[in-house]
Amino acid sequence: MTRVAHAGVGGWGKNVVRVVGELAELAWICDTDDGRRAEYAERYPSARLTASFEEMLADETVDAVVIATPDHWHLRMTEEALLAGKHVYIEKPMTHRWEEGEAFIAAVEKSGKALQVGSQYMSMGCAQKAADLIKSGRLGQITLVEGRFHRNTATGAWYYPIP
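Throughout this document, residue positions are counted from 1 along each chain, in the order its sequence is written. Only residues with pLDDT of at least 70 get local features here, since the model is predicted, and only at 80 or more are side-chain atom pairs given and counted; chain-wide, interface and lining totals rely on the full set of residues. Just so you know, side-chain values use all the structure's heavy atoms and leave hydrogens and water out.

Visitor: With reference to specific residues and values, describe helix α1 (residues 13–23).
Guide: Where α1 is concerned, the buried positions are Gly13, Val16, Val17 and Val20. The buried side chains of α1 occupy one side of the element, clustering within an arc of 100° when seen end-on. On the buried face of α1, the contacting elements are β1 (3–7), β2 (25–30), α2 (34–43), β4 (64–67) and β5 (87–90). The cut-offs for exposure are 20% and 50% of the maximum accessible area for each residue type, with area from a 1.4 Å probe on protein chains only; residues under the lower value are buried, those over the upper are exposed, and the others partly exposed. Helical segments are the DSSP runs of H or I of at least four residues, strand segments are the runs of E of at least two, and each set is numbered from the N terminus. It is the directions from the helix axis to the C-beta atoms whose arc is reported. In this analysis, two residues are considered to be in contact whenever any of their non-hydrogen atoms come within 4.5 Å of each other.

Right, here's the structure in full:
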């Protein structure tokens, strides 16, 4: 079974770690927040917990790393994980600056490992079904598409309390 290390279990990371825990052996959980590590120690007692990304990467038995940390860490952590010989799944956005894209490409080519960028909803079966339905012509001529994604919370879409 694939052994996965997971960096970042706050925000969206808590959803990703749940799925990873169902699909692979969750070997490590890395988060800088003591409270989150304590919470995940109870949920995943066989996973090692750390605040150190470097400690987690040093484990040669880990096959892949999930990076669900704040965006400004994505490039550095991806480069380090690939250099350590791990495959990487990174949450979007991969980067905020297109110029950094070349660094991601170079790191992947140098490592020979796989890099996948998360796109949650676009990867779901319902998105493919919708695309197939539109392409089939069954809906006729499409002249307007409107979409919305709402979060029904008092704080809005991306505001989380900082522990």
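Visitor: Describe the sheet that holds β2, listing the residues and the values that go with them.
Guide: The parallel open sheet is built from six strands, whose spatial order is β3-β2-β1-β4-β5-β6. Because the sheet does not close on itself, it has two edges, and the strands there are β3 (48–50) and β6 (115–117). Averaged over all pairs of adjacent strands, the angle between their axes in this sheet comes to 20°, without regard to strand direction. Strands are treated as partners if at least two bridges between them are detected by DSSP. Pairing geometry for β1 and β4, over four bridges, is parallel. Bridging across to β4, alanine 7 finds its partner in isoleucine 67. Structural elements are reduced to axes, namely lines fitted to C-alpha atoms, with helices fitted over the stretch in contact, and the angle between N-to-C directions of any two is expressed from 0 to 180 degrees.

Visitor: Tell me about the pattern of salt bridges, and please be specific about residues and values.
Guide: Close approach of charged atoms allows side chains of opposite charge to pair. Between Lys or Arg on one side and Asp or Glu on the other, a salt bridge is scored when a side-chain nitrogen of the former is within 4 Å of a carboxyl oxygen of the latter. Within the structure shown, the criterion is met by ten salt bridges. For aspartate 59, the salt bridge identified is with arginine 3, shortest N-O distance 3.5 Å. Placement of the pair is aspartate 59 in the loop between α3 (53–57) and β4 and arginine 3 in strand β1, with a sequence separation of 56 residues. By sharing partners, the salt bridges in this structure join Arg3, Glu25 and Asp59 into a single network.

Visitor: Mind laying out the nonpolar core, listing which residues take part and the relevant values?
Guide: With 19 residues, the main nonpolar core has Phe53, Met56, Val65 and Ile67 as its most contacted residues. Counting residues per element, the ones that place at least two in this core are β1, β2, α3, β4, α4 (74–83), β5 and α5 (101–111). Those residues in contact with methionine 56 that lie beyond four places of it in its chain are Ala5, His6, Ala7, Trp28, Cys30, Thr50 and Val65. Residues grouped as a nonpolar core are buried Ala, Val, Leu, Ile, Met, Phe, Trp, Tyr and Cys residues, joined through side-chain atoms within 4.5 Å. Counting 13 residues, the second largest nonpolar core, distinct from the first, contains Val4, Val20, Ala24 and Ile29.

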